[in-house]
Amino acid sequence: MKLDAVEFIRRFLLHVLPAGFVKIRHFGLLANRNRRQALAVCRLRLSASIPDIDPLLTAQQKAALSRSCPQCRCGTLHVIARYSAVEPASPNSALLCATFKSS
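In this text the structure is predicted, and so the values were computed from the model without any measurement.

1. A few points about the confidence of the model for the protein chain
Logical step 1: Looking at the protein chain, the pLDDT average stands at 78 and 83% of residues meet or exceed 70.
Logical step 2: Averaged pLDDT values over the elements of the protein chain bottom out at 82 in helix α3 (residues 59-66) and peak at 94 in helix α1 (residues 5-13).

2. Considerations on the pattern of salt bridges
Logical step 1: Under the criterion given, the structure shown has 3 salt bridges.
Logical step 2: Across the pair E7 and R10 runs a salt bridge, and its minimum N-O distance is 2.9 Å. Placement of the pair is E7 and R10 together in helix α1, with a separation of 3 residues, close to one helical turn.
Logical step 3: Judged by relative accessible area, E7 falls into the partly exposed class, the value being 23%.
Logical step 4: With a shortest N-O distance of 3.7 Å, K62 and D54 are connected by a salt bridge.
Logical step 5: On the basis of relative accessible area, K62 is assigned to the partly exposed category, the value being 36%.
Logical step 6: One connected set of salt bridges, linked through shared partners, spans E7, R10 and R11.

Rules used in this analysis
Residues numbered from 1 in each chain as written. Predicted model: local features only at pLDDT ≥ 70, side-chain atom pairs only at ≥ 80, totals over all residues. Heavy atoms only, no water. pLDDT = per-residue confidence, 0-100. Helix = DSSP H or I, 4+ residues; strand = E, 2+ residues; numbered from the N terminus. Salt bridge = Lys/Arg side-chain N within 4 Å of Asp/Glu carboxyl O. Buried < 20%, exposed > 50% of the residue type's maximum accessible area, 1.4 Å probe, protein only.

See the structure below:
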């Protein structure tokens, strides 16, 4: 589509917010707060199935998803620090288990 310069600038400026307005980026169906529930409702209404991501993952990614907390055996284990055999962890450091809920 070809546009005159004036028409292009007019259309471009439709996206510029007036002074004092704030752009809301995370709003609607894909807002982080209710994304999982909203997508589930959309799939239900569209009679769509949940896509199988298994063929898209590498072996390393599949192994990372299957790791669970060694203490409570629930959730996914996220590595936040690694200690080598040369520098052992201090004896006072306890194994902490934290659960995060996304609801």
